[in-house]
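Fold and geometry: a report
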Amino acid sequence: SGTVQVPLNMEMVRDCCSWIIDNALTTEGLFRISSSQAQCQALTEQMVQGTAQLPDNPSTPQVHLVASSLKAYLREKTYPLIPYRCFRVFNLKRKAAKTSSRVVSVEECRSFYDSLPPDKQEHLAFILSFLSKVAEHESETKMGIPNLCVVFTPVLMKTQMKGMDSLSESEEQLQLLQELLFNWVILFQSPLFFPSLETSIIKLTVSSSFFAGQYIK
């Protein structure tokens, strides 16, 4: 597409997620309803520059603007949060083991997470914690885990296949993200899995009004 991608500005992502937690969890269609394209492009470009000023007015149009801009930033402006090579290796292993026809297990989720570079692990953990919080408000937003994963799979992952293979791979990526999110509590709050992750999330989220201290018992 010719779009120049930039390194992920996690502070900007954190600010957007915190704003959404504080202002948007009762908004129906959160992350599904689009905003003004021109306004979204402008805010997304500001996010790339690290100069975005999030709205003071949490009106419904402003909620959809921030949500749409966050998606656009992650999807179009930064390198994919989940590297394609990591997904591809994971998927090929499942097919070789003849397990690709069943739901991704907790152990497979752990294996996939372990295969990610350390910075991607931390970023994914943060995004999953955020989406888990959004999903708790499904009765108001109409955006539970399945709907959030439909929206966020192409935001967090890319397919490099063509034609029908691309559709099949997209479905496999969707299934993986769903299971990561469904198993989020098991994966990221049990000492059996990722014992060092608590420190990482606190480090990422220390300035957020919602996230700060969430993992400190």
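The rules behind each value
- Residues numbered from 1 in each chain as written.
- Predicted model: local features only at pLDDT ≥ 70, side-chain atom pairs only at ≥ 80, totals over all residues.
- Heavy atoms only, no water.
- Helix = DSSP H or I, 4+ residues; strand = E, 2+ residues; numbered from the N terminus.
- Buried < 20%, exposed > 50% of the residue type's maximum accessible area, 1.4 Å probe, protein only.
- Contact = heavy atoms within 4.5 Å.
- Areas by Shrake-Rupley, 256 points an atom, 1.4 Å probe, with all protein chains shown as cover.
- Core = buried A, V, L, I, M, F, W, Y, C linked by side-chain atoms within 4.5 Å.
- Axes fitted to C-alpha atoms, helices over the stretch in contact; angles between N-to-C directions.
- Left-handed = near helix turned anticlockwise from the far one by under 90°.
- Nonpolar A, V, L, I, M, F, W, Y, C, P; charged D, E, K, R; others polar.
- Salt bridge = Lys/Arg side-chain N within 4 Å of Asp/Glu carboxyl O.
- Parallel < 35°, antiparallel > 145°, perpendicular 65-115°, else oblique.

**A short note on the overall build of the protein chain**
A tally of helices and strands in the protein chain yields 11 helices and 0 strands. Walking the protein chain from its N terminus toward its C terminus, one meets helices and strands in the order α-α-α-α-α-α-α-α-α-α-α. Residue burial in the protein chain is summarised as follows: out of 217 residues, 49% are buried. Within the protein chain, residue pairs in contact and separated by at least 24 positions form 78% of the contacts whose partners lie at least 6 positions apart. For the protein chain, the accessible surface area stands at approximately 10600 Å², while carbon and sulfur atoms represent 53% of it.

**Comments concerning unusual backbone geometry**
Despite not being glycine, F31 has its phi angle at roughly 75°, a positive value. Structurally, the position occupied by F31 is in the loop between α1 (10-23) and α2 (37-49). Of note in the backbone geometry, K142 takes a positive phi value of approximately 60° without being a glycine. Position of K142 relative to the elements: it lies in the loop between α7 (138-141) and α8 (145-156).

**Describing the nonpolar core**
Membership of the largest hydrophobic core comes to 62 residues, with the highest contact counts inside it found for I20, L30, F31, L70 and F112. Element by element, the count of residues in this core is highest for helix α6 (residues 118-135), at 9 residues. In contact with F112, other than residues within four places in its own chain, are I82, C86, F87, F90, L176 and L180.

**Structural notes on the packing of helix α4 (residues 84-96) against helix α5 (residues 106-115)**
To describe two helices that pack against each other, one gives the angle between their axes and the distance between the axes. In contact at an axis separation of 9 Å, α4 and α5 are set at 145° when each is read in the N-to-C sense. Both α4 and α5 take part in a crossing whose hand is right-handed. Contacts between α4 and α5 involve C86, F87, F90 and R94 on the former and, on the latter, E108, F112 and S115. Of the residues belonging to the contact of α4 with α5, the class tally is 4 nonpolar, 1 polar and 2 charged.

**Some words on the pattern of salt bridges**
This model, assessed by the stated rule, comprises 7 salt bridges. E108 is the salt-bridge partner of R94, the closest N and O atoms lying 3.1 Å from each other. Taken together, the residues span a long stretch of sequence, with R94 in helix α4 and E108 in helix α5 at a distance of 14 residues. Per residue, the accessibility class of R94 equals that of E108, and both read buried. In this structure, E136 and K133 form a salt bridge, with 3.4 Å as the shortest nitrogen-oxygen distance. A relative accessible area of 55% means that E136 is categorised as exposed. Assessed through its relative accessible area of 21%, K133 is described here as partly exposed. Overlapping salt bridges, with partners in common, bring together R94, R102 and E108 in one network.

**Remarks on the packing of α6 against α8**
For the pair α6 and α8, the least separation of the axes is 10 Å and the interaxial angle reads 150°. Classified by the angle their axes make, α6 and α8 are roughly antiparallel. As α6 packs across α8, the resulting crossing turns out to be right-handed. Contacts from I127, L131, V134 and A135 of α6 reach α8 at I145, L148, F152 and L156. Grouping the amino acids of the contact of α6 with α8 by side-chain chemistry returns 8 nonpolar, no polar and no charged.

None of this, on its own, says anything about what the molecule does.
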